[in-house]
Amino acid sequence: MDKVESGATEHLAHTLSKFTFVDLTQDERQAAFMVARTLPKDAVLKDFAAAASASEIERAGLPAEVASILAPLVARLEKVAYAARFAALFDASK
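Residues numbered from 1 in each chain as written. Predicted model: local features only at pLDDT ≥ 70, side-chain atom pairs only at ≥ 80, totals over all residues. Heavy atoms only, no water.

Engineer: Quick question: what am I supposed to make of the overall build of the protein chain here?
Structural biologist: Counting secondary structure elements, the protein chain contains five helices and zero strands. Buried positions account for 38% of the 94 residues belonging to the protein chain. The long-range share in the protein chain, meaning contacts at least 24 apart out of those at least 6 apart in sequence, stands at 65%. Total accessible area on the protein chain stands at roughly 5800 Å², and carbon and sulfur atoms take up 56% of it. (Helix = DSSP H or I, 4+ residues; strand = E, 2+ residues; numbered from the N terminus. Buried < 20%, exposed > 50% of the residue type's maximum accessible area, 1.4 Å probe, protein only. Contact = heavy atoms within 4.5 Å. Areas by Shrake-Rupley, 256 points an atom, 1.4 Å probe, with all protein chains shown as cover.)

Shown next as structure tokens:
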């Protein structure tokens with residue numbers, strides 16, 4: 001992973017952790033980054049949760065284990081407040 005990907009992964013992990021109140025494991029960070037790369041720049045948390053489903057991961061051509069790695073994270077995201085689901089996944093200022 002290069003410096004840019006590493007920074008993007010850290011930002012994504014921070015954003016997801018902020019809403020789930022749990023630090024992501026290294027496997028979750030890598031899997032989340034793989035899914036996030038399939039999303040548009042204006043994606044929100046609910047878009048990420050939908051893209052992390054097994055069917056969407058398969059459709060995106062990602063390895064099937066990505067869905068199983070992210071399943072606990074997606075379950076936590078589904079419990080966040082309704083308004084938080086529309087929080088930006090990426091930093092729009094960059």
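Engineer: Which parts of the structure should I look at to understand the pattern of salt bridges?
Structural biologist: If charged atoms from side chains of opposite charge come close, those side chains can pair. Going through the model one piece at a time under the given rule, you end up with three salt bridges. For R76, the salt bridge is made with E28, and the minimal N-O distance between the two is 3.5 Å. One end of the pair, R76, is in helix α5 (residues 65-77); the other, E28, is in helix α2 (residues 26-36), with 48 residues separating them in the sequence. As a salt-bridge pair, E56 and R59 come within 2.7 Å of each other at their nearest N and O atoms. Placement of both E56 and R59 in helix α4 (residues 54-59) is noted, with a separation of three residues, approximately one turn of the helix. According to the relative accessible area criterion, E56 is partly exposed, its value standing at 30%. Judged by relative accessible area, R59 falls into the exposed class, the value being 63%. (Salt bridge = Lys/Arg side-chain N within 4 Å of Asp/Glu carboxyl O.)

Engineer: Which parts of the structure should I look at to understand the confidence of the model for the protein chain?
Structural biologist: Interpreting fine coordinate detail is not advised for predicted regions of low pLDDT. Per-residue pLDDT for the protein chain averages 84, and the proportion of residues at 70 or more is 85%. Across the protein chain, the element-wise mean pLDDT spans from 77 in helix α1 (residues 3-20) up to 94 in α4. (pLDDT = per-residue confidence, 0-100.)

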